[in-house]
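Summary of the model geometry
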Amino acid sequence: NIIANAFACDITRVACLQYGNDQKLMVNAPGTGLPYDDQHGGFIHSGASSNFANLVKFEAYLATQFVNIINLLKGFQDPEDSSKTLFDTTLLVWARDMGDADQHNQQSMRFVLAGGNGGYLKVEAGGRYIKSTERHERILLNICEAMGITSYAGFGDPGLTGTGKTPLPN
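One structure accompanies this document, and this report is about it. (Residues numbered from 1 in each chain as written. Predicted model: local features only at pLDDT ≥ 70, side-chain atom pairs only at ≥ 80, totals over all residues. Heavy atoms only, no water.)

Here's the deal with the nonpolar core
- Core analysis: the biggest nonpolar cluster contains 10 residues, these being A4, F7, F66, I69, I70, L73, L86, F87, L92 and A114.
- If you list the elements that add at least two residues to this core, you get α1 (2-8) and α3 (51-74).
- Residues V27, A29, F43 and L62 belong to the second largest nonpolar core, which totals 8 residues. (Core = buried A, V, L, I, M, F, W, Y, C linked by side-chain atoms within 4.5 Å. Buried < 20%, exposed > 50% of the residue type's maximum accessible area, 1.4 Å probe, protein only. Helix = DSSP H or I, 4+ residues; strand = E, 2+ residues; numbered from the N terminus.)

What follows is the structure in structure tokens.
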């Protein structure tokens, strides 16, 4: 609610909501029946047989929170263009700092991008899924590009060159 209202009042154009980190993830997830526990250590590494079921419930909770902010933004007019909603002119990014949390690696990083961001995202009916063997820095460069940043010097792995240092196409 705070983020949606700040955007609607045009106080800010950038916001971040972070649920813990890869070392400690303590989230009160009301309505899920999940314990207020370290979701990372408790669900992924505890060895309890209920781990996977709790992890699925927790992931569903996070997905619901993502959808909730999308729906909030759809309910506000953009302060600069009353013919559009904040959802139409915003890029929402759901990202993780781990691809395979159990193995603590950055392979198979998953990102969810939503919103219109003034037309940057090109989405087919029903959404779009991209499976790529490219490094995850490239999708981060797409996010930079969507915000008008086109100089990528100093970003990411300094050893990346050529297409490895450019946003994903299309």
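Examining the pairing of strand β2 (residues 81-85)
- In the sheet, strand β1 (residues 77-78) pairs with β2 via 2 bridges, with the strands oriented antiparallel. In the sheet register, Q77 faces β2, and the bridge partner there is T85.
- The turn joining β1 and β2, which pair antiparallel and follow one another in sequence, is formed by 2 residues. (Pairing = 2+ DSSP bridges.)

Re the side chain of K165
- Inspection of the secondary structure puts K165 in the segment after α4 (137-146).
- Of the side chains with opposite charge, D157 lies nearest to the buried K165, which makes no salt bridge, at 6.8 Å. (Lys, Arg positive; Asp, Glu negative; His and termini not counted. Salt bridge = Lys/Arg side-chain N within 4 Å of Asp/Glu carboxyl O.)

Details of the pattern of salt bridges
- Using the criterion set out here, one finds 4 salt bridges in the structure.
- A salt bridge links R13 to D10, with the nearest nitrogen and oxygen atoms 2.9 Å apart.
- As a salt-bridge pair, E80 and R13 come within 3.4 Å of each other at their nearest N and O atoms. Of this pair, E80 sits in the loop between β1 and β2 while R13 sits in the loop between α1 and α2 (39-44); the two residues are 67 residues apart in sequence, bridging distant segments of the chain.
- On the accessibility criterion, E80 (64% relative accessible area) is exposed.
- Residue classification places R13 among the partly exposed residues on the basis of a relative accessible area of 40%.

Shape descriptors only; they carry no functional weight alone.
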